[in-house]
Structures are given as C-alpha cells and as structure tokens.
Amino acid sequence: MTYTQQYLQKCQGLMEAVALQEDKILEVARLFADSILSGRMVHIFGSGHSRIMVEEMWPRYGSFPGFNPIVELSLTFHNLVVGANGQRQAMFLENVPGFARQILRNFDLSNEDSALIISSSGCNVVPIELAELFKEQGIKTIGIISKKHSEVSLSKRKDGRKLQDYCDIVLDSGAPVGDAMIKVEHLETPVAPGSTVGSCMLINCIKAELANLLTQAGEPPKVLTAAAIVGAERATELFQSAYDEHAHRVSRLYKRVGIPSYVSEKN
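Residues numbered from 1 in each chain as written. Predicted model: local features only at pLDDT ≥ 70, side-chain atom pairs only at ≥ 80, totals over all residues. Heavy atoms only, no water.

Asker: Sorry, what's going on with the pattern of salt bridges here?
Answerer: Note on pairing: side chains with opposite charge can pair once their charged atoms come close. If you walk through the whole model with that rule in mind, you get 10 salt bridges. Asp113 is the salt-bridge partner of Arg40, the closest N and O atoms lying 2.7 Å from each other. Placement of Arg40 in the loop between α2 (22-37) and β1 (42-46) and of Asp113 in the loop between α6 (99-104) and β3 (114-118) is noted, with a sequence separation of 73 residues between them. Across this residue pair, the class does not change: Arg40 and Asp113 are buried. (Salt bridge = Lys/Arg side-chain N within 4 Å of Asp/Glu carboxyl O. Helix = DSSP H or I, 4+ residues; strand = E, 2+ residues; numbered from the N terminus. Buried < 20%, exposed > 50% of the residue type's maximum accessible area, 1.4 Å probe, protein only.)

Asker: What am I meant to see in the pairing of strand β2 (residues 67-70) here?
Answerer: Taken residue by residue, a regular strand's side chains alternate between the two faces of the sheet. Both β1 and β2 contribute to a ladder of 4 bridges, which runs parallel. Paired with Val42 across the two strands is Phe67, which belongs to β2. Note that the unit made of β1, helix α3 (residues 51-57) and β2 has a crossover that is right-handed. (Pairing = 2+ DSSP bridges. Right-handed = clockwise from strand over helix to strand, strands pointing away.)

Asker: Even after reading the chapter, I still don't get helix α1 (residues 3-19), so can you show me in this structure?
Answerer: The periodicity of an α-helix, 3.6 residues per turn, causes residues three or four places apart in sequence to face the same way. End to end, α1 covers 24 Å across 17 residues, agreeing with the expected 24 Å (1.5 Å per residue, within 8%). All of the buried residues along α1 are Tyr7, Cys11, Leu14, Ala17 and Val18. When α1 is viewed along its axis, its buried side chains cluster within an angular range of 105° and face the same direction. Opposite its buried face, α1 presents the exposed residues Leu8 and Ala19, each directed more than 90 degrees away. Check the buried side of α1 and you find it contacts α2, β6 (180-182), β7 (191-193) and α9 (195-216). (Expected span 1.5 Å × (residues − 1). Arc of directions from axis to C-beta. Contact = heavy atoms within 4.5 Å.)

Asker: Hey, could you run me through the sheet that holds strand β4 (residues 140-145) in this one?
Answerer: Strands belonging to one sheet form pairs held by backbone hydrogen bonds; the direction of such a pair is parallel or antiparallel. The strand order across the open sheet built from 5 strands is β2-β1-β3-β4-β5, with neighbouring strands paired in parallel fashion. Of all the strands in the sheet, just β2 and β5 (169-172) have a single pairing partner and so form its edges. Ignoring strand direction, the axes of neighbouring strands in this sheet form an average angle of 20°. As judged from the 4 bridges shared by β4 and β5, these two strands associate in the parallel manner. If you follow Ile142 over to β5, its bridge partner there is Ile169. Strand contacts of helix α7 (residues 125-136): β1, β3 and β4, with the helix running at about 165° to β3, the strand carrying the most contacts. (Axes fitted to C-alpha atoms, helices over the stretch in contact; angles between N-to-C directions.)

Set out below in structure tokens:
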C-alpha cells in the first residue's frame with residue numbers, strides 16, 4: 001500500500017473506535033443539552049494542538065452557541081515556533097501549577113455548567129488542574145484523550161494523576177501510542193498523527209446529537225450556515241443571531257465574578 005492508503009486505513013480504525021463509543025457520545029450530548037437549555041455554557045479547553053478541537057466545536061460552520069471556548073494564546077500560539085511566543089514557552093507554561101486557577105478566576109461558574117477538556121496524553125498540568133477545579137465546583141466534566149497513548153505516558157503532576165482521573169466521562173480518540181500512525185521506510189520515527197482526526201470525529205458526533213436534543217426540546221440552535229446553503233440574507237441573520245446569543249450567554253459568566261463593586265449584579 002502507498003503511505004496515503006496506509007494513513008486512510010488507520011483513519012478507518014479511528015472511525016471504528018469512535019463508533020464503539022456511541023452510547024457515551026449521547027450521554028455527553030445530554031449533559032451539554034442540560035447546560036445549554038438552562039441558559040448556561042459548556043466550557044471547552046485544550047492546550048497545545050488540542051486547541052483545534054475547541055475551535056471545531058465553536059465557532060465555525062455547522063456549529064452553534066452554547067459553548068465557552070477557553071483558548072489561552074500563551075499555551076497555543078505555535079506559528080512562530082521559536083523566539084518570542086515560541087513553542088518551548090508554550091510547552092513549559094502548560095505544566096505550570098496554578099495556571100488553571102488563574103484562568104477560571106475570570107468566570108462566574110455554576111454547577112449548571114458543564115465542561116469538555118481535550119488532551120491527547122491527559123498528562124499536562126493545566127488541563128488536569130482545570131478538570132480538578134471544575135469537579136470541585138460540581139461541574140460535570142468530559143475528557144477527550146488518546147487512551148493507548150495516555151496509559152503509557154507519565155503525568156507531569158507530582159501526584160501522578162491524569163485528566164481522566166477528574167472526568168465524569170472519558171472519550172477516546174483511538175490514536176496510537178505516540179499519536180503518529182505511519183512508519184516510513186528508512187525513517188526512524190513515525191509521522192502523520194491521528195488524534196486530531198479521531199477527536200474531531202468525536203466533537204462532531206457530539207455536536208450532531210446535541211443539535212437534535214436541543215431541537216427536540218423546542219430550542220433549535222442558531223447554526224452558523226453558509227450562504228451557499230440558505231442564501232446571503234438568511235446566512236447573515238443566522239450569524240448575527242448566533243453571535244448575539246453567545247454574547248448573552250457569556251455575559252452571565254461575568255455578572256458576579258470575583259470581588260463585588262457598586263456596579264455588581266445585585267441579585
């Protein structure tokens with residue numbers, strides 16, 4: 001087989017791994033529906049390249065409001081690679097204890113919220129601490145990891161705990177140990193990772209099930225939709241209404257955050 005054929009065959013295996021988790025996917029969608037229908041948010045976080053899955057959920061075509069994408073540029077800004085804002089700094093910062101608490105200090109959380117945290121290894125400190133903090137506040141938390149990779153990886157936390165130790169439901173991208181799936185002849189190490197493919201399939205399965213649940217509940221989501229499908233006028237209306245709903249939801253995360261002042265929410 002060509003390397004393209006090999007990679008696509010491996011991706012078929014990822015698809016089969018996702019298919020085996022259908023019951024869990026629906027359970028996650030129900031938890032998220034409860035949060036969204038109550039007017040609250042699903043907090044989504046990923047450091048490093050797991051940021052891709054955050055943006056896959058919201059905002060992009062075929063997605064809808066109800067999610068709070070937490071993307072810390074200091075942990076995800078990879079395009080410079082070296083120099084200021086380089087990859088070394090990002091990889092260092094995602095293992096700094098206490099960083100997660102500073103992130104969540106910005107939000108007025110509720111136990112009606114839910115959360116989704118993506119980390120292929122499940123071993124970096126910031127995503128683990130975020131899950132721990134969510135759990136402390138009674139927030140149902142979902143993890144997406146690469147199970148095989150996580151099982152043989154060492155946690156960066158001193159106590160050895162991993163992301164999955166603080167999650168109510170754990171989903172598996174199906175990617176192999178080390179993530180990369182293709183061994184090229186005469187090349188020492190494999191290439192072409194799979195966790196993004198498997199994780200994006202999980203994200204979009206959740207999204208589809210969730211859209212169905214919201215619609216069945218009488219609150220069909222405002223989906224970001226291309227003009228090529230619904231026409232320019234309707235597409236603009238959908239985009240504007242989706243962004244406005246997002247703004248209304250986000251505003252609730254700041255009403256009673258932190259130390260009160262004379263402009264604080266009174267009730």
